[in-house]
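Residue-level structural notes
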Amino acid sequence: MRTVVRVGLISLLVFGCATADHTSATATASNGQRVRALYDAFGRGEIPTVLAAFDPEIVWMEAESTPVGDLNPYKGPQAVAQGVFSRIGQDWDNFRVNVEQIIDGGDKVAAIGRYAATNKKTGLPLNAQFVHVWWFRNGKVVRFQQYTDTAQFARVTGVPR
């Protein structure tokens with residue numbers, strides 16, 4: 001099953017949205033199901049839902065040598081919202097996260113897929129592989145690590161690695 005996550009006006013949605021209600025269904029879901037639900041919520045622009053799934057002390061790491069990896073590590077949900085999510089909305093048109101596979105390892109979950117977008121500055125298309133690793137504790141995301149094609153990001157954004 002593939003999940004396509006689209007990011008549009010993210011920068012308009014991320015501020016002042018650090019809380020959202022979780023349903024009882026989320027409390028009984030596996031961590032793999034939680035990750036799938038996070039991608040789905042992100043694709044619908046439900047940033048408060050995504051941020052509410054994060055532990056207050058989450059450590060978020062973007063791949064080194066990517067445009068938003070410059071401020072690693074991001075600590076806390078608001079830092080992720082401002083430093084990652086809003087910058088994606090500012091820098092990319094029609095940003096999509098196409099999840100091809102989720103591997104549920106219990107407290108560690110990996111998502112494999114491709115990013116697709118157009119860089120606003122250069123007008124060049126992005127079609128880059130990624131792996132996301134999510135770490136959970138007590139049903140909350142405590143750590144995130146992105147791996148992606150940094151050479152392609154450099155070429156498309158015009159920013160050397």
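Residues numbered from 1 in each chain as written. Predicted model: local features only at pLDDT ≥ 70, side-chain atom pairs only at ≥ 80, totals over all residues. Heavy atoms only, no water.

**So, the overall build of the protein chain**
A tally of helices and strands in the protein chain yields 6 helices and 7 strands. Starting at the N terminus, the α and β elements of the protein chain follow one another as β-α-α-α-α-β-β-α-β-β-β-β-α. When each of the 161 residues of the protein chain is scored for burial, the buried share is 48%. Contacts spanning at least 24 positions in sequence make up 59% of the contacts within the protein chain whose residues lie at least 6 apart. Just so you have it, the protein chain exposes about 8,000 Å², and 52% of that area is on carbon and sulfur atoms. (Helix = DSSP H or I, 4+ residues; strand = E, 2+ residues; numbered from the N terminus. Buried < 20%, exposed > 50% of the residue type's maximum accessible area, 1.4 Å probe, protein only. Contact = heavy atoms within 4.5 Å. Areas by Shrake-Rupley, 256 points an atom, 1.4 Å probe, with all protein chains shown as cover.)

**Regarding the environment of Val-35**
The topology assignment puts Val-35 in helix α3 (residues 31-43). Discounting chain neighbours no more than four positions away, the residues touching Val-35 are Ile-102, Val-109, Trp-134 and Phe-136.

**Some words on empty space enclosed by the protein**
This model, assessed by the stated rule, comprises 1 cavity of 30 Å³ or more. Here the largest cavity is characterised by a volume of approximately 310 Å³. Lining the largest cavity we find 23 residues, and of these Glu-62, Val-84, Ile-88, Phe-95 and Tyr-115 sit closest to its centre. Where the lining of the largest cavity is concerned, the elements lending two or more residues are α3, α5 (77-91), β4 (92-104), β6 (125-137) and β7 (140-148). (1 Å grid on protein atoms, 1.4 Å probe; cavity = no way out; pocket = protein on both sides within 12 Å on 5 of 7 lines; lining within 4 Å. Points joined across faces, edges and corners; volume = space filled by probe spheres on them.)

**As for the confidence of the model for the protein chain**
Here the protein chain averages 87 in pLDDT, and 83% of its residues register 70 or above. Counting contacts from residues 1-25, a segment whose pLDDT is below 50, to residues more than four positions away or on other chains yields 64 contacts. (pLDDT = per-residue confidence, 0-100.)

**Here's the deal with α3**
Under the 1.5 Å per step criterion, the end-to-end length of α3 is 18 Å for 13 residues, consistent within 8% with the ideal 18 Å. Taken as a whole, α3 has its buried residues at Asn-31, Gly-32, Arg-34, Val-35, Arg-36, Leu-38, Tyr-39, Ala-41 and Phe-42. Taken from the residues just after α3, Gly-45 is the one with a positive phi, measuring 80°. (Expected span 1.5 Å × (residues − 1).)

**Here we look at the packing of aromatic side chains**
With the rule as written, the count across this model stands at 12 aromatic pairs. Where Trp-60 meets Trp-134, the ring centres are 5.9 Å apart and the plane angle is 90°; that geometry is what we call edge-to-face. One end of the pair, Trp-60, is in strand β2 (residues 54-61); the other, Trp-134, is in strand β6, with 74 residues separating them in the sequence. Assigned by exposure class, Trp-60 and Trp-134 land together as buried. Judged by centre distance (4.7 Å) and plane angle (35°), the ring pair of Tyr-115 and Phe-130 falls under tilted. A residue pair is termed long-range when its members are at least 10 positions apart, and Tyr-115 in strand β5 (residues 108-119) and Phe-130 in strand β6 qualify at 15 residues. By way of ring pairs, the aromatic residues Tyr-39, Phe-42, Phe-54, Trp-60, Phe-85, Trp-134 and Phe-144 are connected into one cluster. (Phe/Tyr/Trp six-rings, centres within 6.5 Å; stacked < 30°, edge-to-face > 60°.)

**Regarding unusual backbone geometry**
Peptide bonds are mostly trans, and most non-glycine residues show a negative phi. With an omega dihedral of -15°, the bond running from Asn-72 to Pro-73 counts as a cis peptide bond. On the secondary structure map, Pro-73 appears in the loop between β2 and β3 (74-75). Positive phi is not limited to glycine here, since Asn-94 has a value of about 50°. Inspection of the secondary structure assignment puts Asn-94 in strand β4. Residue class for Asn-94 comes out partly exposed when judged on its relative accessible area of 46%.

**Observations concerning α5**
In this model, α5 (15 residues) spans 20 Å end to end at C-alpha, consistent with the 21 Å of a helix rising 1.5 Å per residue. Those residues of α5 that sit buried are Pro-77, Val-80, Ala-81, Gly-83, Val-84, Phe-85, Ser-86, Arg-87, Ile-88 and Gly-89.

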